[in-house]
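Coordinate inspection notes
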Amino acid sequence: MSITEYFNLLFTDYTLRTISLGTAVLGAICGMLGSFAVLRKQSLLGDAISHAALPGIAIAFLITGAKDTNILLLGALVSGLIGAFWIRGMISKTHLKSDTALGLVLSLFFGFGMLLLTYIQKQPNANQAGLDKYLFGQAATLVESDVILMLLVTGIALVVVLLFWKEFKLLLFDQDYANTLGFNTKFIDILITFFIVLAIVIGLQTVGVVLMSAMLLAPAAAARQWTSSLAVMVFLAALIGAFSGVFGTAISASQDNLSTGPVIVLVASFFVVVSFVFSPTRGLLFKQIRLIKNRRDLQLKKTLQFMYGIAQTHENIDHPHTIRILNNFQGFTKKSLRKMEENQWILLNKQQWSLTLKGFAEAQNLFNQQTQHD
Amino acid sequence: MINPQIEIQLIAALVAAACAIPGVFLVLRKMALISDAISHSILPGIVLGFFITQDLNSPLLIILAAGTGIITVVLVERIQKTGLVKEDTAIGLVFPALFSIGVLLIAKNANDIHLDVDAVLLGELAFASFDRFLLLGIDAGPKAAWIMGVILLITLSLLYLFFKELKVSTFDVGLSSALGFSPAILHYGLMSVSSITVVGAFDAVGAILVVALMIAPAAAAYLLTADLKKMLWLSVCFGVFAAISGYWLAHWLDASIAGSITTVLGLVFLLVYFFAPQKGLLSVMYRQKQQRTEVSLLTFLLHLNNHQEIEERHINHLREHINWQQVKANTVVELAIDNNLITITNEVISLTTKGLDFTQTALEYIITNKNDKIEHLKDDFFLFRG
């Protein structure tokens, strides 16, 4: 199946439509909430929580014995939240640093989850097969009710984000100020963390425990490069997330043996790379171009200053000199001379140059900046 | 106990010891999550190495995969250096991308490859003793034990040789570069050892549980001691203990060995986290409660010092005035009486000379904010720190 075929099928094929819609919604909610995680420097919280959700799934299954997605996800939510708050507790009460706390929760919860999963697999319960889809995720198992759940959660998250927009923004950028204004920062903090955990849990079924953190981070990191406004960033991140979801699904559907989760992550990573390189203000490419331009400008000014020094020793400024006498000085090229002529700083006449009045004034003003520039 | 059981426990113990040593330095250098990143991103290295060598235990594969680990570290540092994103975001971006590439490589070549993602991520220690190492045609034990043994030996000898350098550069980067130990070489050396350990251990205990074996023993040891040598010993002991008891837990539950080793590690850490004598949760909370009482006592004494009037010093008035609960007020007053700081006559509290003296010193400390003022208070009065 080629990509064009995929887009034709998107409107006719039920399964494909459900999956695409699911991954798009997932990408959007992850992008939206991921922006907060990235700006709060909690990027890896997502990784820890997604791993910490695993024992919750196993315990929920052990208690109910049924493979109802909603109940399993509820278990994941509870154990993810326990993980998230244990991390906070560990950082505030002991001298262990955040990286150690995250790594501990991640690996210990996951290991315990694995113990439970393998224990369940040995049980004589025919229902147990397929629990391990939460490890790597299987977008193909998405059904309409899952997508409706995702839409519901996204809707609630959107309402909460809009409702608490001011508080979230304040907490992100200046927690102390929020405190002094009398906001209950603890509550807002818990609210954000809760919704981040919720987004992660929702995504487990589709992209799995291991890759969930990238879904949260990549769209936000990409969006950050294009803007410095929180609203625009959240919106862009949601958009990039949704696009990654749809494109990832399209690519994985058009090839055999390509699992959806990793492809979505790679598409999102591609967006990140493009943003890193091509973003007009922060991008590496334009930064490099600006650097070169500034360097050239400096060379030009240096040449002008040198000429000014020569012109000063003569009675009239526009006395012509040969270009050759600039040879002792390394800063000039033919191109830079032409550029200076364009600026009307000098007049070129065959192998000779002479400073204009404008050039003289410019050079005089270079260091002490007595006259204001327009 | 049959022979394979002993072998599996030996492998588990070797893995635990080999992981614990670099783990201590990662935790101390606040780079614990690098081990998580490495353990995921070695996947494409392992797959590519497997295409070349066709043998999961070949040393070439281990070196190739460890190379991917180093590449991850370098990539994270490069991205971080651009200043576009913070370090943790850089880690979070790099390893899922590399891991995805690995997963897709496996999926695309599922037919030619005897490798699945579950095995890399979770490992299966129970099968490790099936892969034998033949020395001159004689069975010399399981291959995994040899590999981990060699890695442990290398780690130990490097630790012995560079202990001083590692110690200095971990706690004081500035001093170590001033003394002429290149922090970069030590950093990449540590990263290389970690990568090799992770790769060597992955097919025994799986990539994620390597992270547990690296971080959990070190974190537990860190809560118990502030001495680097003791911390190394303790974390190796914790690791080996968890490995062996984890094996028996798995045996009893008939579940994944790696999973149960991690669970034991989790329990060990939890115990230490709650009950560590100085830095455990309970003792921290107890200390914080003590400090709250001390501050209350100080407030109380300062209040008495400020007021000469009888009605301000009446015992019933105080409860109202400072707005304390009954229990708290009683604790504070009793503590003050026990220390001979106050006397109560006719329900009116007054400071003793000792109390006055104490209050003056405390006041001086508050005004000048110099530590030497308060230092001897701790010795003169037993109330401080319980």
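Bear in mind that the values here come from a model prediction, so they are computed numbers and not experimental data.

Rules behind the numbers
Residues numbered from 1 in each chain as written. Chains lettered and ligands numbered in written order. Predicted model: local features only at pLDDT ≥ 70, side-chain atom pairs only at ≥ 80, totals over all residues. Helix = DSSP H or I, 4+ residues; strand = E, 2+ residues; numbered from the N terminus. Rg over C-alpha atoms; globule rule 2.2 N^0.38 Å. Buried ≥ 20, exposed ≤ 12 C-beta atoms within 10 Å, placed from the backbone. Contact = placed C-beta atoms within 7 Å. Pairing = 2+ DSSP bridges. Axes fitted to C-alpha atoms, helices over the stretch in contact; angles between N-to-C directions. Expected span 1.5 Å × (residues − 1). Bend = angle between axes of the 7 residues up to and from the residue. Nonpolar A, V, L, I, M, F, W, Y, C, P; charged D, E, K, R; others polar. Parallel < 35°, antiparallel > 145°, perpendicular 65-115°, else oblique. Domains from an automatic or database assignment. Core = buried A, V, L, I, M, F, W, Y, C linked by C-beta atoms within 7 Å. pLDDT = per-residue confidence, 0-100. Left-handed = near helix turned anticlockwise from the far one by under 90°.

For the rest of this paragraph, the subject is the overall build of chain A. The number of helices and strands found in chain A is 15 helices and three strands. Computed over the C-alpha atoms, the radius of gyration of chain A is 30 Å, more than 25% above the 21 Å expected from 2.2 N^0.38 for a compact globule of 374 residues. When the 374 residues of chain A are sorted by exposure, 45% land in the buried category. Nonlocal contacts in chain A, meaning residues at least 24 apart in sequence, comprise 72% of its contacts between residues at least 6 apart.

With that out of the way, let us pick up the overall build of chain B. A count of helices and strands for chain B gives 16 helices and four strands. Out of the 386 residues in chain B, the part that is buried amounts to 43%. The long-range fraction of contacts in chain B, counting pairs at least 24 apart against all pairs at least 6 apart in sequence, stands at 65%.

All names here are of chain A. In spatial order, the strands read S1-S3-S2; together these three strands make up an open sheet with antiparallel pairing. The open sheet has two free edges, formed respectively by strand S1 (321-322) and strand S2 (346-349), since each of these has just one partner strand. In the sheet, S1 pairs with strand S3 (residues 352-355) via two bridges, with the strands oriented antiparallel. From the neighbouring strand, Thr322 faces S3, where its bridge partner is Gln352. Against the sheet, helix H14 (residues 334-342) makes contact with S2 and S3, and its axis sits at roughly 120° relative to S2, the strand it touches most.

To continue, consider helix H10 (residues 185-224) of chain A. Residues and elements named next belong to chain A. With 40 residues, H10 should reach 58 Å at 1.5 Å per residue; the first-to-last C-alpha distance of 24 Å falls well below that figure. Of all bends in H10, the biggest is about 115°, found at Val207. With 32 of 40 residues buried, H10 lies mostly within the body of the structure.

The next thing to look at is the interface of chain B and chain A. Taken residue by residue, the interface counts 51 residues in chain B and 46 residues in chain A. Here the side of chain B that touches chain A gets 13 residues from one element, more than from any other, and that element is helix H4 (residues 87-108) of chain B. In the side of chain B that touches chain A, the residues fall into 33 nonpolar, 11 polar and seven charged.

With that settled, the discussion passes to the environment of Arg132(B). Residue and element names in this part refer to chain B. Relative to the helices and strands, Arg132 resides in strand S1 (residues 132-135). For Arg132, a count of 14 C-beta atoms within 10 Å corresponds to the partly exposed category. A C-alpha to C-alpha distance of 69 Å links Arg132 and Val327, two positions 195 residues apart in sequence. Excluding residues within four positions of it along the chain, Arg132 makes contact with Asp139, Pro142 and Lys143.

We now examine the packing of helix H5 (residues 98-121) of chain A against helix H2 (residues 32-53) of chain B. When two helices pack together, their arrangement is given by the angle between the helix axes and by the axis-to-axis distance. Orientation of H5(A) relative to H2(B), taken along the N-to-C sense of each, is 45°, at an axis distance of 7 Å. Here H5(A) lies oblique to H2(B), going by the angle between them. Contact residues: Asp99(A), Thr100(A), Leu102(A), Gly103(A) and Leu106(A) in H5(A); Ala32(B), Leu33(B), Ser35(B) and Asp36(B) in H2(B).

Before going further, it helps to spend a moment on the pairing of strand S3 (residues 342-345) of chain B. Residue and element names in this part refer to chain B. Judged from the four bridges that link them, S3 and strand S4 (residues 348-351) form a sheet pairing that is antiparallel. What sits directly across from Thr345, in S4, is Val348. Counting the residues in the hairpin turn of S3 and S4 gives two residues, including Asn346, whose phi is positive at 50°.

With that settled, the discussion passes to the domain arrangement of chain A. Assigned domains of chain A: these are domain 1 (3-282) and domain 2 (293-368). The straight-line distance from the C-alpha centre of domain 1 of chain A to that of domain 2 of chain A is 60 Å.

Following the sequence through the fold, Pro277(B) ends up in the loop between helix H11 (257-275) and helix H12 (281-306). Residues Pro277(B) and Asn340(B), 63 residues apart in the sequence, show an inter-C-alpha distance of 30 Å.

For the rest of this paragraph, the subject is the nonpolar core. Among the nonpolar cores identified, the biggest contains 206 residues, and Ala199(A), Val15(B), Met148(B), Val210(B) and Ala219(B) are the most heavily contacted of them. If you tally residues by element for this core, the top one is H10(A), at 24 residues. Beyond its immediate stretch of four places on either side in the chain, Val15(B) contacts Met148(B), Ala201(B), Ala204(B), Val205(B), Leu213(B) and Ala243(B).

Further remarks concern unusual backbone geometry. Residue and element names in this part refer to chain B. Positive phi values are uncommon outside glycine, yet Lys30 reaches one of about 60°. Within the secondary structure, Lys30 sits in the loop between helix H1 (3-28) and H2. Backbone geometry at Asp254 places phi at a positive 60°, although glycine is not the residue there. Within the secondary structure layout, Asp254 lies in the loop between helix H10 (228-253) and H11. For Asp254, a count of 11 C-beta atoms within 10 Å translates into the label exposed.

A residue-level look at chain B finds 85% of positions with pLDDT of 70 or above and a mean pLDDT of 82. Of all the helices and strands in chain B, helix H16 (residues 371-380) of chain B carries the lowest mean pLDDT, 60, while H10(B) carries the highest, 92.

Residue and element names in this part refer to chain A. Between H10 and helix H12 (residues 260-278), the least distance of the axes is 9 Å, while the angle of their chain directions is 20°. The angle between H10 and H12 places the two elements in the roughly parallel class. Two packed elements cross with a definite hand, and for H10 against H12 that hand is left-handed. Note on element contacts: H12 touches H10 through Gly261, Pro262, Ile264, Val265, Ala268, Ser269, Phe271, Val272 and Ser275, opposite Thr206, Val207, Gly208, Leu211, Ala214, Met215, Ala218, Pro219, Ala221 and Ala222. Class assignment for the residues of the contact of H10 with H12 results in 14 nonpolar, five polar and no charged.

Turning next to the environment of Ile202(A). Residue and element names in this part refer to chain A. Its place among the elements puts Ile202 in helix H10. For Ile202, a count of 25 C-beta atoms within 10 Å translates into the label buried. Put simply, Ile202 and Tyr134 are 68 residues apart on the chain and 11 Å apart in space, counted from C-alpha to C-alpha. Every residue in contact with Ile202, bar those within four places of it in the chain, is listed here: Leu26, Ile29, Met150 and Val153.

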